[in-house]
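Single-letter residue listing:
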Amino acid sequence: LGVAGCSRAYVKSVPLPVKEGSYGMAALKRRFNDLDLDRKGTINESDMKEALIKLQLPTSEESIQNFFKEVTGHAGPPYEIHFDEFAKFAVLREKELLQTFNMMDTQGYGFISE
């Protein structure tokens, strides 16, 4: 199981979650391009490691490869994420976070307090 408890087969079969030309699509493309440091049209291991270093997050080879496996559904080289995989993963992750937030916002005020 991957993101939000969805199987990889399910994630792969989901169409792109936002419409071409929309604000959401433009935002996803900007984020993808921010990570695609070598501008080859994919996010590779080196790109991901640089991003994690900037965010001061763990950068072990194993953690990076596990992330690629979660996003792409396959283990082993090449460790690359294409835009459609990135977009599906990002939108599913955002939906999961929103669901969690809504469960915690028991009063429906749009914020979580103590």
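Per chain, residues are indexed from 1 in the order of the written sequence. Only residues with pLDDT of 70 or above have their local features reported here, since the model is predicted, and side-chain atom pairs are shown and tallied only from 80 upward, although totals for entire chains, interfaces and linings are computed over all residues. Side-chain descriptors were evaluated using all non-hydrogen atoms of the structure, hydrogens and water having been removed beforehand.

## Brief notes about the nonpolar core
Okay, so step 1: Core analysis: the biggest nonpolar cluster contains 16 residues, and Leu28, Ile43, Met48, Phe68, Ile81, Phe83 and Phe86 have the highest contact counts within it.
Okay, so step 2: A helix here means a DSSP run of H or I that spans at least four residues, while a strand means a run of E at least two residues long, and both kinds are numbered starting from the N terminus. At the level of elements, helix H2 (23-35), helix H3 (45-54), helix H4 (61-72) and helix H5 (83-104) are the ones that each hand at least two residues to this core.
Okay, so step 3: Looking at this core, the element that brings in the most residues is H5, giving five residues.
Okay, so step 4: Contact between two residues is taken to exist if any of their heavy atoms lie within 4.5 Å; hydrogens are not considered. In this structure Ile43 touches Phe32, Leu35, Asp36, Met48, Phe68, Tyr79, Glu80, Ile81 and Phe86, once residues within four positions along its chain are discounted. Definition of nonpolar core: a set of buried residues of the types Ala, Val, Leu, Ile, Met, Phe, Trp, Tyr and Cys, connected through side-chain atoms within 4.5 Å. Burial classes: relative accessible area under 20% of the type maximum marks a residue as buried, over 50% as exposed, and values in between as partly exposed (1.4 Å probe, protein chains only).

## Re the environment of Thr59
Okay, so step 1: As for its placement among the helices and strands, Thr59 is situated in the loop between H3 and H4.
Okay, so step 2: Relative accessible area serves as the criterion here: at 23%, Thr59 is assigned to the partly exposed category.
Okay, so step 3: In contact with Thr59, other than residues within four places in its own chain, are Lys49, Leu52, Ile53 and Ile64.

## Considerations on the packing of aromatic side chains
Okay, so step 1: We call Phe, Tyr and Trp rings a pair once their centres come within 6.5 Å, taking the six-membered ring for Trp, and we label the pair stacked below 30 degrees between planes, edge-to-face above 60, and tilted otherwise. Counted by the stated rule, this structure contains seven aromatic pairs.
Okay, so step 2: Here the aromatic rings of Phe83 and Phe86 are separated by 6.5 Å at their centres, their planes lie at 35°, and the arrangement is tilted. Linking Phe83 with Phe86, this pair stays in helix H5, spanning three residues, or about one helical turn. In this structure, Phe83 and Phe86 share a single accessibility class: buried.
Okay, so step 3: On the numbers, 5.9 Å between centres and 20° between planes, the contact of Tyr109 with Phe111 is stacked.
Okay, so step 4: You can call Tyr109 exposed: its relative accessible area is 56%.
Okay, so step 5: Judged by its relative accessible area of 49%, Phe111 falls in the partly exposed class.

## With respect to the side chain of Thr72
Okay, so step 1: For Thr72, the location among the structural elements is in helix H4.
Okay, so step 2: Taking the relative accessible area as the measure of exposure, Thr72 reaches 2% and is therefore buried.
Okay, so step 3: Side chain to side chain, Thr72 and His74 meet in a polar contact 3.3 Å long. As used in this structure description, the phrase polar contact means that two N or O atoms lie within 3.5 Å; if the pair is within protein, one of them must be able to donate a hydrogen and the other to accept it, and residues adjacent in sequence are counted only when both atoms belong to side chains.

## Details of the packing of H2 against H5
Okay, so step 1: Helix axes are fitted only over the stretch in contact, all axes being lines through C-alpha atoms; the angle between N-to-C directions runs from 0 to 180 degrees. Remark: H2 packs on H5, axes separated minimally by 10 Å, with the N-to-C direction vectors making an angle of 115°. The two elements H2 and H5 meet at a crossing, and its hand is right-handed. Here Met25, Leu28, Lys29, Arg31, Phe32 and Leu35 of H2 lie close against H5, whose contacting residues are Phe83, Phe86, Ala87, Ala90 and Val91.
Okay, so step 2: For the contact of H2 with H5, the per-class residue count stands at nine nonpolar, no polar and two charged. Crossings are assigned a handedness: left-handed for a near helix turned anticlockwise from the far helix by less than a right angle, right-handed for a clockwise turn. Residues were grouped as follows: Ala, Val, Leu, Ile, Met, Phe, Trp, Tyr, Cys and Pro as nonpolar; Asp, Glu, Lys and Arg as charged; and all remaining residues, including Gly, as polar.

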